[in-house]
Structure formats: C-alpha cells, structure tokens
Amino acid sequence: MKPEIRIGYGWDSHEFKAGIPLKIGGITLPYEKGLGGHSDGDVLLHAITDALLGAIAGPDIGSLFPPSDPKWKGAESALFLREALKRVTAAGYELVNLDSTLILAAPKIGPHADTIRKHVAKLCAVPADCVGIKAKTPEGMGTDNAAIAHVTVLLEKRGR
C-alpha cells in the first residue's frame, strides 16, 4: 500500500561563468555571469526535479538526463521538471507544496523572489502560496562563485 504523503529533497550547485545568461527558477535574471552546466544550469529547477524524483523513489536527474549526452547541451531545465512531474503523476501523486533555499553571494534574489515563485508555481501547476523561495548568502562557506539550491517537496496521493 502506497503512503498517503511523500517528502522529497533535492540539492544542486553550479559555478558562475561569464558569457551565459543567469537562469534561476526558469527566469533570466540580470547579472554579468550565468551558471555553468550541461543544460541551462538552472540550479533551482534542477533541485526541484531531484526532490520530485526522490519523493517517488525515482532515478535522479543525472540518470534521466546524463550530462555526457550532447542532446541535453543547453537544454531548458523546465523540460527536466516536466518529466519529473509526469513521473509523479504516473506514480499516483501530486505536488502539494515545495520550499527552497538558494545560497549565493550575488545577485540579490529578494527583488526577484516573487517573480521566481510565480513562475515555479506555474511550471508546477500549484498556487504561488505553495512555493517557498528564500535566499541566503554563503558567509564563510567559500562558495562565492557558485549558486546552491536546497529544495523539499510534499506529495500527496491523488484522489485523496
């Protein structure tokens, strides 16, 4: 018998690199550097994808979309998120809410948090008040040239 609720956790990090756009939560933010990665480097959508897949005991993002496959070079991370959501639905669950913490020295996320929240909510088909977006600076962690995202999700059995 499947549990009524499931919790998933996802984590991701990418290093800043010049010459590419900065995408966080599917939104392009104004900044002189973007996040390197085989896809578009969207650290938040990658962590959400892994949290969703983890909640249903599925494969991780790297197994489904291997960085070694040139097919995913520059891919939009929303594609990965959509696949994870399809798998959640196929497993008989739906996303109830998610909470995230972004860790980066710059740019400041506060001015963009509401836009990111609304976009992530739209991508995930949940109300915006079911998406938490927080940001912290990496004081003393030595990660000033990277962005890190931590995400937890709560899934509920569909038709409950």
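See the structure printed just above.
Residues numbered from 1 in each chain as written. Predicted model: local features only at pLDDT ≥ 70, side-chain atom pairs only at ≥ 80, totals over all residues. Heavy atoms only, no water.

## Here's the deal with the pairing of strand E6 (residues 131–136)
As a general feature of sheets, a regular strand has side chains that alternate between the two faces. Both strand E5 (residues 93–103) and E6 contribute to a ladder of six bridges, which runs parallel. Following the sheet pairing, Leu98 is matched in E6 by Val131. Since E5 and E6 lie parallel, the crossover through helix H4 (residues 113–124) that links them has a hand, and here it is right-handed. (Pairing = 2+ DSSP bridges. Helix = DSSP H or I, 4+ residues; strand = E, 2+ residues; numbered from the N terminus. Right-handed = clockwise from strand over helix to strand, strands pointing away.)

## A word on the packing of aromatic side chains
With the rule as written, the count across this model stands at four aromatic pairs. Taken together, the ring pairs connect Phe65, Trp72 and Phe80 into an aromatic cluster. (Phe/Tyr/Trp six-rings, centres within 6.5 Å; stacked < 30°, edge-to-face > 60°.)

## Some points on the side chain of Lys157
Topologically, Lys157 is positioned in strand E7 (residues 146–157). Engagement of the side chain of Lys157 in a polar contact is seen with the backbone oxygen of Lys2, the distance being 3.0 Å. If sequence neighbours within four positions are ignored, Lys157 has contacts with Lys2, Pro3, Glu4, Gly92 and Tyr93. (Polar contact = N/O pair within 3.5 Å; in protein donor to acceptor, adjacent residues only side chain to side chain. Contact = heavy atoms within 4.5 Å.)

## Quick word on the environment of Trp72
Position of Trp72 relative to the elements: it lies in the loop between helix H2 (61–64) and helix H3 (77–90). Along the primary structure Trp72 and Lys2 are separated by 70 residues, whereas in three dimensions their C-alpha atoms are 33 Å apart. Contact partners of Trp72, with chain neighbours within four places excluded, come to His38, Ser39, Leu64, Phe65, Pro66, Leu79 and Phe80.

## Comments concerning the nonpolar core
One finds Ile24, Ile48 and Leu52 to be the most contacted residues of the largest nonpolar core, which totals 41 residues. Secondary structure elements with two or more residues in this core: strand E2 (22–24), strand E3 (27–29), helix H1 (43–55), H3, E5, H4, E6 and E7. Ranked by the residues each element gives to this core, the list is headed by H1, at nine residues. Among the nonpolar cores identified, the runner-up in size contains five residues, and Ile61, Trp72, Ala75 and Phe80 belong to it. (Core = buried A, V, L, I, M, F, W, Y, C linked by side-chain atoms within 4.5 Å. Buried < 20%, exposed > 50% of the residue type's maximum accessible area, 1.4 Å probe, protein only.)

## Brief notes about the pattern of salt bridges
This structure, assessed with the given rule, holds seven salt bridges. In this structure, Glu83 and Arg87 form a salt bridge, with 2.8 Å as the shortest nitrogen-oxygen distance. Taken as a pair, Glu83 and Arg87 lie in helix H3 at a separation of four residues, close to a single helical turn. Note that Lys118 and Asp114 form a salt bridge whose closest N and O atoms lie 3.0 Å from each other. One end of the pair is Lys118 and the other is Asp114, both in helix H4 and four residues apart, which spans about a single turn. Through salt bridges that share partners, Asp114, Arg117 and Lys118 make up one connected network. (Salt bridge = Lys/Arg side-chain N within 4 Å of Asp/Glu carboxyl O.)

## Regarding the sheet that holds E7
Judged by pairing direction, the sheet is mixed, and its five strands sit side by side in the order E4-E1-E7-E5-E6 without closing on themselves. Every interior strand has two partners, whereas the edge strands, strand E4 (33–35) and E6, have only one. Shown here is a sheet whose adjacent strand axes are inclined to one another by a mean of 20°, direction ignored. Each of strand E1 (5–18), E4, E5, E6 and E7 touches H1; the most contacted strand, E1, lies at about 155° to it. (Axes fitted to C-alpha atoms, helices over the stretch in contact; angles between N-to-C directions.)

## So, H1
In an α-helix, one turn spans 3.6 residues, which is why side chains three or four residues apart end up on the same side. Across its 13 residues, H1 extends 18 Å between first and last C-alpha, which sits within 8% of the 18 Å expected from 1.5 Å per residue. Of all 13 residues that make up H1, 12 are buried, and the element is covered over most of its length. Restricting attention to buried positions, one finds in H1 the residues Val43, Leu44, Leu45, His46, Ala47, Ile48, Thr49, Asp50, Ala51, Leu52, Leu53 and Ala55. Where H1 terminates, the next one or two residues include Ala57, which has phi positive at roughly 60°. (Expected span 1.5 Å × (residues − 1).)

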